[in-house]
Structures are given as C-alpha cells and as structure tokens.
Amino acid sequence: MIKCDSTIIGAGPYGLSAAAHLRTIKGLEVRVFGEPMSFWSGNMPAGMFLRSNWTATQIASPNDELTLEAFQAERKKSFGIPVPIEQFIQYGLWFQSRAVPDLDHRRICRVESGPNGFRVTVEDGEVFDSRRVVVAAGIGQFARRPAEFQSLPPALVTHTSEHSDLASFRGKEVLVVGSGQSSLESAALLHEAGAKVQVVGRSRQIHWLQGWASTTLHHRMGMTVRKLLYAPTDVGPAGISQLLARPHLVKRLPRGLQDKLRKRATRPAGARWLVDRLRNVPITLGCTVLSAVPDGDRARVSLSDGREITVDHVLLGTGFQIDISKYDFLSAELIQQISRVNGFPKLNRDLETSVPGLHILGAPGVYCFGPLLQFVSGTRFASGSLLKALMNTRASG
Ligand SMILES: Cc1cc2nc3c(=O)[nH]c(=O)nc-3n(C[C@H](O)[C@H](O)[C@H](O)COP(=O)(O)OP(=O)(O)OC[C@H]3O[C@@H](n4cnc5c(N)ncnc54)[C@H](O)[C@@H]3O)c2cc1C
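Only a predicted model underlies this, so the values are computations on that prediction, with no experimental measurement involved.

Q: Sorry, what's going on with the nonpolar core here?
A: Nonpolar side chains in soluble globular proteins generally cluster together in the buried interior. Counting residues in hydrophobic clusters, the biggest one holds 83 residues, and the most contacted among them are Leu22, Trp40, Phe88, Val111, Leu330, Leu361 and Leu373. Element by element, the count of residues in this core is highest for helix H4 (residues 85–99), at 7 residues. Sequence-distant contacts of Leu330, defined by excluding residues within four places in its chain, comprise Val111, Val135, Ile324, Ile335 and Ile338.

Set out below in structure tokens:
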C-alpha cells in the first residue's frame with residue numbers, strides 16, 4: 001500500500017495555494033488531486049467579471065512569487081479590474097503549472113479512517129494511506145435549491161452554478177430568482193445573449209457596491225485613510241474590513257457578533273458595472289416565489305405580488321448553503337466524527353476538524369473564521385495557518 005504524508009483534495013485557489021505552501025516543507029510528501037480551476041471554468045458563466053479587487057484576486061503563494069503581475073509579465077497578458085473570469089482561470093492554471101506541475105486530475109471518491117490516519121480511494125480504484133487529509137473541495141456540492149421549485153423537472157429549473165455558457169438561452173423567456181451578484185450578472189449576460197429575462201428578488205433593495213457615497217468617500221479619503229479602513233483582502237465595509245482580515249481575532253469574538261459581521265459582509269449586493277447593463281431588464285424586489293409548477297414545456301410561477309407568470313426556464317441565483325455532509329467522498333463514519341454546527345465544521349486554529357489530521361479549507365471555514373474564507377483573498381490566511389501547523393508538528397515529532 002502506497003503511503004503519503006498529506007493529501008490535498010481540490011485544485012481551486014485554496015487547494016493550489018495550500019499545495020504551493022506545503023511543498024516548501026523539505027521531505028514532506030504531498031499528493032494533490034482535482035481538476036484545476038474546474039469550478040471557475042465549469043460552474044460560472046463565461047463573460048463574468050470578478051467582483052474582488054486586484055489585491056484580493058491574488059492566489060497566495062510562498063514569497064508572493066505567483067502573483068497576477070508575474071502571470072501577466074510571463075504570459076504577456078494585459079488586463080485590469082474588474083478581472084475577466086477567463087483571465088482568472090488562465091492565471092489559476094498558470095499557478096498550478098508552476099506550483100503543482102504533478103497535479104493528479106483524478107477525483108477522490110472516498111476518504112475514511114485508516115490504520116495510518118486515512119484511507120483514500122481514487123475514482124479508478126487506487127487506494128492509498130495518508131497521514132493527513134486537507135479538503136479544499138469548494139462549494140460546488142452546496143447549491144441551494146428552495147423547496148418551492150421541487151416540482152419542476154431539471155429541464156425547467158437550474159441553479160446558476162450549473163452553467164458556464166448562458167448563450168444557450170437565446171430567444172427564451174427566463175426568470176432569474178435572487179438579487180445578489182450572481183443573479184444580477186447572470187441576468188445581464190442572459191439579456192446580452194438575446195434571452196427575454198426578468199428578475200425577482202426577496203430583498204427590498206439592491207445594494208450596489210462602490211455607489212456614489214462610497215466612491216466619493218474613497219476619493220476624498222486619500223490613500224492613508226483608505227488603507228486604515230480597508231484591508232487588502234477586500235471583504236466587508238469600512239473598518240469591519242480590517243477586522244475580517246484577521247480571522248484568528250474573529251474566531252474569538254462572541255458568536256452573536258461573528259454572525260452579525262458575516263451577514264453584513266456577505267449580504268446580497270451587485271457590482272456597479274452591472275447597473276447600465278441591467279437598464280432594460282425588469283427587476284421586481286420585495287417579492288417571493290410562492291410556487292412553481294410545470295405547464296406543458298414551460299414553468300408557471302406564482303409570485304407574492306399576485307402575479308402568475310409562465311416562462312421557458314427558471315434560473316436560481318439562490319446561493320449556496322454549506323453542509324459538509326454533502327461532500328460525497330467523506331465516509332459516513334468520518335462525517336459523524338466531525339463536530340459540526342448547522343453543516344459547518346468546527347475548526348481549530350490550524351483549520352483542523354475534531355478528527356485529528358483532517359483539515360478543511362475554504363468556505364466551510366466561514367463559521368469559525370468569518371467570511372474571508374469564502375473568497376480567494378482568504379488563501380493567504382488558510383495556507384499560512386496550515387503551513388505553520390505542519391511545520392510545528394514536524395518540529396515536535
Ligand atoms: C458566481 C460566483 C462568483 C464569484 N466571484 C468571486 C470573486 O470575484 N472573488 C472571490 O474571491 N471569490 C469569488 N467567488 C467565490 C469563489 O467560489 C471562491 O473564492 C473560490 O472558488 C474558492 O476556492 P476553493 O479552492 O475553495 O474552491 P473551488 O474553486 O470550487 O475549487 C474546488 C476544487 O475541488 C475539486 N474537487 C471537488 N471535489 C473533489 C473530489 N472529490 N476529488 C478531487 N477534487 C475535487 C474541484 O475539481 C476543484 O478543483 C465567486 C463564487 C461564485 C459562485
């Protein structure tokens with residue numbers, strides 16, 4: 001039986017960054033699995049722009065060697081903010097080719113307790129033992145699908161994360177549900193692709209980012225004040241941004257305050273560049289979907305404002321709900337052993353679960369460390385913490 005020290009499951013920003021960091025530990029054998037940047041290329045729409053700013057779009061690497069600037073210089077690419085998704089995917093693939101050239105693209109289909117830590121099974125049947133497992137498998141399995149849409153067949157309702165190309169809806173009538181960035185950007189792309197699109201959202205108002213007030217404030221503030229109020233991680237509003245950039249501090253705050261900060265920092269909001277693009281898209285706010293049923297090959301949707309509309313397709317921009325028991329590769333026995341709260345794992349300061357040697361990076365870490373962990377800019381904290389933990393273990397072992 002092959003043995004290795006650490007196995008990383010996932011080759012998105014968190015898995016790649018963690019791999020780049022752990023590979024700096026001499027003699028540590030690290031195996032890394034996953035399709036590189038697959039969530040970005042397969043589950044987000046072509047033509048999308050990243051909402052995070054330039055510094056927050058950097059995947060953390062040791063000594064900051066693998067930056068967006070280094071990528072641009074090496075590949076002779078020129079782009080600025082907002083960063084187009086196509087460029088970010090290329091950046092991620094370049095990062096992988098530099099940091100993890102031996103990435104194993106196969107899926108891990110099972111992780112269970114084993115005699116030497118964990119027994120890991122790869123999709124083609126290979127089995128090996130690993131002393132440590134780092135899960136960086138993202139949010140792809142956590143798409144939220146509200147019960148109101150249960151009676152619609154998959155042909156009539158999909159989640160935004162099921163699409164990488166919205167052009168296939170050209171000429172169709174589409175209802176987009178939700179008023180956050182993902183719904184609004186999908187609506188803009190659908191409209192531009194020639195679909196007849198409308199949006200309904202539960203919230204009473206769309207929070208546009210970088211609005212008049214904050215832009216004016218930014219210009220007047222000057223660099224020094226701006227740096228004081230906003231951390232480079234770009235998560236959360238003025239002041240709060242600095243706090244959220246310190247996840248170990250966030251972890252020590254009272255639970256109620258942590259929840260409030262998380263809610264405030266990740267409330268549904270749209271990027272300003274969408275305002276003009278949505279000018280001709282009807283948006284109904286303060287409105288919920290009461291029911292949705294098939295009507296021939298269309299969907300009939302009843303809304304809380306009394307309307308009943310019939311559309312070719314319903315697109316759910318209803319976000320994601322973390323529940324690590326939905327990671328289908330974790331054995332039922334392991335899931336049982338992981339202390340959880342509402343689907344989130346309880347993690348210690350090394351991002352380790354209650355099962356020794358099993359770490360979880362990325363969005364599932366939000367409950368313990370705050371919203372930074374659901375963005376690319378959280379890779380610096382996550383990889384740094386993991387690296388420190390493993391170096392300490394080796395030093396003491
Ligand atoms: C529409 C949308 C827009 C976003 N925009 C931004 C933005 O502008 N800025 C930002 O910072 N964040 C943004 N995010 C959040 C973004 O998803 C995360 O920042 C980022 O993807 C987290 O990286 P990750 O490595 O945790 O997960 P992912 O990028 O999802 O990577 C998961 C990896 O795990 C692999 N994997 C999964 N299961 C297995 C398995 N069983 N075996 C092997 N490999 C497996 C996948 O193949 C993939 O390589 C956005 C999210 C959405 C949905």
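Q: When you look at the packing of helix H1 (residues 13–22) against helix H12 (residues 379–396) in this model, what are you seeing that I'm missing?
A: Two packed helices can be described by the angle between their axes and the distance between those axes. For the pair H1 and H12, the least separation of the axes is 9 Å and the interaxial angle reads 40°. As H1 packs across H12, the resulting crossing turns out to be right-handed. Of H12, the residues touching H1 (which contributes Pro13, Tyr14, Ser17, Ala18, His21 and Leu22) are Thr379, Ala382, Ser383, Leu386, Leu387 and Leu390. Each residue belonging to the contact of H1 with H12 can be placed in one class, and the counts come to 8 nonpolar, 4 polar and no charged.

Q: Sorry if this is basic, but what is going on with the site of the ligand here?
A: In the region of the ligand, 28 residues are neighbours, and Glu35, Ser38, Arg51, Ser52 and Val376 sit closest. In the model, a nitrogen atom of the ligand is placed 2.9 Å from a nitrogen or oxygen of the Ile108 main chain. Between the ligand and the protein, one listed contact pairs an oxygen atom with a backbone N or O atom of Ala136 at 3.5 Å. For the ligand, whose free accessible area comes to 980 Å², the fraction covered by protein is 90%. Secondary-structure elements contributing two or more residues to the shell around the ligand are H1 and helix H2 (38–42). Element by element, the count of residues in the shell around the ligand is highest for H2, at 3 residues. Grouping the amino acids of the shell around the ligand by side-chain chemistry returns 17 nonpolar, 7 polar and 4 charged.

Q: Explain the layout of surface pockets to me, please; I cannot follow it from the model alone.
A: Once rolled over the atoms, a probe with the size of a water molecule shows which space is left empty. Roughly 190 Å³ of internal volume is contained in the second largest pocket. Class assignment for the residues of the lining of the second largest pocket results in 5 nonpolar, 7 polar and 2 charged.

Q: What's the story with the side chain of Arg106 in this structure? I'm lost.
A: As for its placement among the helices and strands, Arg106 is situated in the loop between H4 and strand E3 (108–114). Within polar-contact distance, the side chain of Arg106 engages the side chain of Asp104 at 2.7 Å. A polar contact is formed between the side chain of Arg106 and the side chain of Glu126, at a distance of 2.8 Å.

Q: What exactly am I supposed to notice about the sheet that holds strand E7 (residues 173–177) here?
A: Paired through their backbone hydrogen bonds, the strands of a sheet run either parallel or antiparallel. Reading across the sheet, the 5 strands line up as E6-E15-E7-E8-E11 and stay open at both edges, with parallel pairing between neighbours. Unpaired on one side and paired on the other, strand E6 (157–159) and strand E11 (283–284) mark the two borders of the sheet. Note that E6 and strand E15 (residues 313–316) share 3 bridges and pair parallel. If you follow Val157 over to E15, its bridge partner there is Val314. Here helix H5 (residues 181–192) sits on the sheet in contact with E7, strand E8 (196–200), E11 and E15, set at roughly 165° to E7.

Q: Please clarify how the pattern of salt bridges should be interpreted in this entry.
A: Tallied over the entire structure, the rule returns 21 salt bridges. The salt bridge involving Asp104 is made with Arg106; its shortest N-O contact spans 2.7 Å. Take Asp104 and Arg106: they sit in the same class, and that class is buried. With a shortest N-O distance of 4.0 Å, Glu308 and Arg300 are connected by a salt bridge. The structure contains a network of salt bridges with shared partners spanning Arg31, Asp104, Arg106, Asp124 and Glu126.

Conventions used here
- Residues numbered from 1 in each chain as written.
- Predicted model: local features only at pLDDT ≥ 70, side-chain atom pairs only at ≥ 80, totals over all residues.
- Heavy atoms only, no water.
- Core = buried A, V, L, I, M, F, W, Y, C linked by side-chain atoms within 4.5 Å.
- Buried < 20%, exposed > 50% of the residue type's maximum accessible area, 1.4 Å probe, protein only.
- Helix = DSSP H or I, 4+ residues; strand = E, 2+ residues; numbered from the N terminus.
- Contact = heavy atoms within 4.5 Å.
- Axes fitted to C-alpha atoms, helices over the stretch in contact; angles between N-to-C directions.
- Left-handed = near helix turned anticlockwise from the far one by under 90°.
- Nonpolar A, V, L, I, M, F, W, Y, C, P; charged D, E, K, R; others polar.
- Near = heavy atom within 4 Å.
- Polar contact = N/O pair within 3.5 Å; in protein donor to acceptor, adjacent residues only side chain to side chain.
- Areas by Shrake-Rupley, 256 points an atom, 1.4 Å probe, with all protein chains shown as cover.
- 1 Å grid on protein atoms, 1.4 Å probe; cavity = no way out; pocket = protein on both sides within 12 Å on 5 of 7 lines; lining within 4 Å.
- Points joined across faces, edges and corners; volume = space filled by probe spheres on them.
- Pairing = 2+ DSSP bridges.
- Salt bridge = Lys/Arg side-chain N within 4 Å of Asp/Glu carboxyl O.

Nothing here speaks to function; it is all geometry.
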